[in-house]
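Spelled out from the first residue to the last, the chains are:
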Amino acid sequence: MLIKASRIPQHFSKLLISKNEQMLTFLKKLFYIFVPLEETPIRKIFKNHTPEQVLVAHHEAGHIMGALYLGIEVKNCQIYLNQSGQWEGKTEYNYGYSKPYLELMIKIKQGKDVLTESNIQPITKAGIIRYSVAIAGPIAELKHINGSSIDDLETYRNGSDKDACWAVIDFFKQTGLHKPDMENDFRSHIVNLFDRPHSWEALQTLACRILTANNHQISPSEIKQIIQPKHLLI
């Protein structure tokens, strides 16, 4: 006998949905146990390096792609073992026209200068660029770990990127430029970029190149060979 949905009590209906979701999750896990992922060239390279190396390479590749998306030139990128025996990375940028306004932000925050009608717009733009380039690394790192772009800065471990983002937001709040959901608006562009399969594949290819390059260091010319304008379109 068929039972009309309207006759099923609401709490039973929710229970059935919950059970179905649990079963679907179980079947997905079972599928991946018995049907391994295809051994692509990218995955082969990742398997030949430590998880920490792969994570840091994704992080720096995220910075690079975020910078290029925002029109910022990348001068150099390298990952390396620090004195504590942990992998970390460093990406250097040429902020161009934004650099003097980023420096002006610091002076204003220190009370050594003030906002004016002539500098408020370029300072705001420079702050958005600084925040977005900084957050692009953590977003790429978290997407690599979780398989989806988690853009909540609170879930990310402490680090210089997080400090840079908070510095920008603090400046906006101090000067009255901050608006509701401002951070989400900044991050959404990077999240949407990385969520495009074509762009994410290019980012992973870039991470592979970082891992296999001599001294794990890549040049602007190598970056341009991998990241093309089509990869930076949303």
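Before reading on, note that the structure itself is shown above.
Analysis parameters
- Residues numbered from 1 in each chain as written.
- Predicted model: local features only at pLDDT ≥ 70, side-chain atom pairs only at ≥ 80, totals over all residues.
- Heavy atoms only, no water.
- Helix = DSSP H or I, 4+ residues; strand = E, 2+ residues; numbered from the N terminus.
- Axes fitted to C-alpha atoms, helices over the stretch in contact; angles between N-to-C directions.
- Parallel < 35°, antiparallel > 145°, perpendicular 65-115°, else oblique.
- Left-handed = near helix turned anticlockwise from the far one by under 90°.
- Contact = heavy atoms within 4.5 Å.
- Nonpolar A, V, L, I, M, F, W, Y, C, P; charged D, E, K, R; others polar.
- Buried < 20%, exposed > 50% of the residue type's maximum accessible area, 1.4 Å probe, protein only.
- Expected span 1.5 Å × (residues − 1).
- Pairing = 2+ DSSP bridges.
- Salt bridge = Lys/Arg side-chain N within 4 Å of Asp/Glu carboxyl O.

Trainee: Looking at this structure, how should I read unusual backbone geometry?
Mentor: What you tend to see is this: most non-glycine residues have negative phi, and most peptide bonds are trans. The phi torsion at Asp181 lies on the positive side, around 60°, for a residue other than glycine. The phi dihedral of His216 is positive, around 55°, even though this residue is not glycine. Tracing the backbone through its elements, the reader meets His216 in the loop between helix H8 (197-212) and strand S3 (217-218).

Trainee: Hey, could you run me through the packing of helix H4 (residues 99-109) against helix H6 (residues 160-174) in this one?
Mentor: The description of two helices packed together rests on the angle between their axes and the distance between the axes. Interaxial distance between H4 and H6 falls to 11 Å at its minimum, and their mutual angle equals 55°. In this view, H4 runs oblique relative to H6, as classed from their interaxial angle. Classified by chirality, the crossing of H6 by H4 is left-handed. On H6, the residues touching Met105, Ile108 and Lys109 of H4 are Ala167, Val168, Asp170, Phe171 and Gln174. Here the contact of H4 with H6 is composed, by residue class, of five nonpolar, one polar and two charged.

Trainee: Honestly, the environment of Ser188 in this entry has me stumped. Any pointers?
Mentor: With respect to the helices and strands, the residue Ser188 is situated in helix H7 (residues 182-195). Of the residues examined, Ser188 reaches a relative accessible area of 26% and is grouped as partly exposed. Residues Ser188 and Ser132, spaced 56 residues apart in sequence, show a C-alpha to C-alpha distance of 9.4 Å.

Trainee: How should I be thinking about H8 in this particular structure?
Mentor: Along an α-helix, residues three or four apart share an orientation, since each turn contains 3.6 residues. Look at H8: 23 Å from first C-alpha to last across 16 residues, which is about the 22 Å you get at 1.5 Å a residue. Listed in full, the buried residues belonging to H8 are Ser199, Trp200, Ala202, Leu203, Gln204, Leu206, Ala207, Cys208, Ile210 and Leu211.

Trainee: Whenever I open this one, the sheet that holds strand S2 (residues 87-94) confuses me. Can you help?
Mentor: Two modes of strand pairing occur in sheets, parallel and antiparallel, and in both the strands are linked by backbone hydrogen bonds. Strand order in the open sheet formed by three strands is S2-S1-S3, with antiparallel pairing between adjacent strands. Edge strands, defined here as strands with exactly one partner in the open sheet, are S2 and S3. The pairing of strand S1 (residues 73-81) with S3 spans two bridges and is antiparallel. Considered in S3, the bridge of Cys77 is made with Ile218. Across the sheet, helix H3 (residues 51-69) is in contact with S1, S2 and S3; its angle to S2 comes to roughly 10°.

Trainee: I would appreciate a short explanation of the side chain of Ser199 in the present structure.
Mentor: Checked against the element boundaries, Ser199 lands in helix H8. Those residues in contact with Ser199 that lie beyond four places of it in its chain are Met65, Leu193, His231 and Leu233.

Trainee: Just to check I follow, could you spell out the pattern of salt bridges for this structure?
Mentor: Pairing is possible between side chains that carry opposite charge, provided their charged atoms lie close to one another. For the structure on display, the rule yields three salt bridges. As a salt-bridge pair, Glu92 and Lys90 come within 3.6 Å of each other at their nearest N and O atoms. Owing to a relative accessible area of 31%, Glu92 belongs among the partly exposed residues under this scheme. The partly exposed category is assigned to Lys90, whose relative accessible area is 46%. Put simply, Lys143 and Asp195 hold a salt bridge, and the shortest N to O gap is 3.4 Å. Of this pair, Lys143 sits in helix H5 (residues 120-146) while Asp195 sits in helix H7; the two residues are 52 residues apart in sequence, bridging distant segments of the chain. Owing to a relative accessible area of 9%, Lys143 belongs among the buried residues under this scheme.

Trainee: Please explain the pairing of S1 as it appears in this structure.
Mentor: Looking along a regular strand, one sees the side chains alternate between the two faces of the sheet. In the sheet, S1 pairs with S2 via eight bridges, with the strands oriented antiparallel. Across the sheet, residue Tyr80 finds its bridge partner in S2, namely Glu88. Where S1 folds back on S2, the antiparallel hairpin that results is connected by five residues, among which Gly85 adopts a positive phi of roughly 80°.

Trainee: Would you explain the packing of H5 against H6 in this entry?
Mentor: As a packed pair, H5 and H6 sit with axes 8 Å apart at the nearest point and diverge in direction by 155°. Relative to H6, the element H5 lies roughly antiparallel. H6 is crossed by H5, and the crossing has left-handed handedness. Contacts between H5 and H6 involve Ile123, Thr124, Gly127, Ile128, Arg130, Tyr131, Ala134, Ile135 and Pro138 from the first element and Asp161, Ala164, Cys165, Val168, Ile169, Phe171 and Phe172 from the second. For the contact of H5 with H6, the per-class residue count stands at 12 nonpolar, two polar and two charged.

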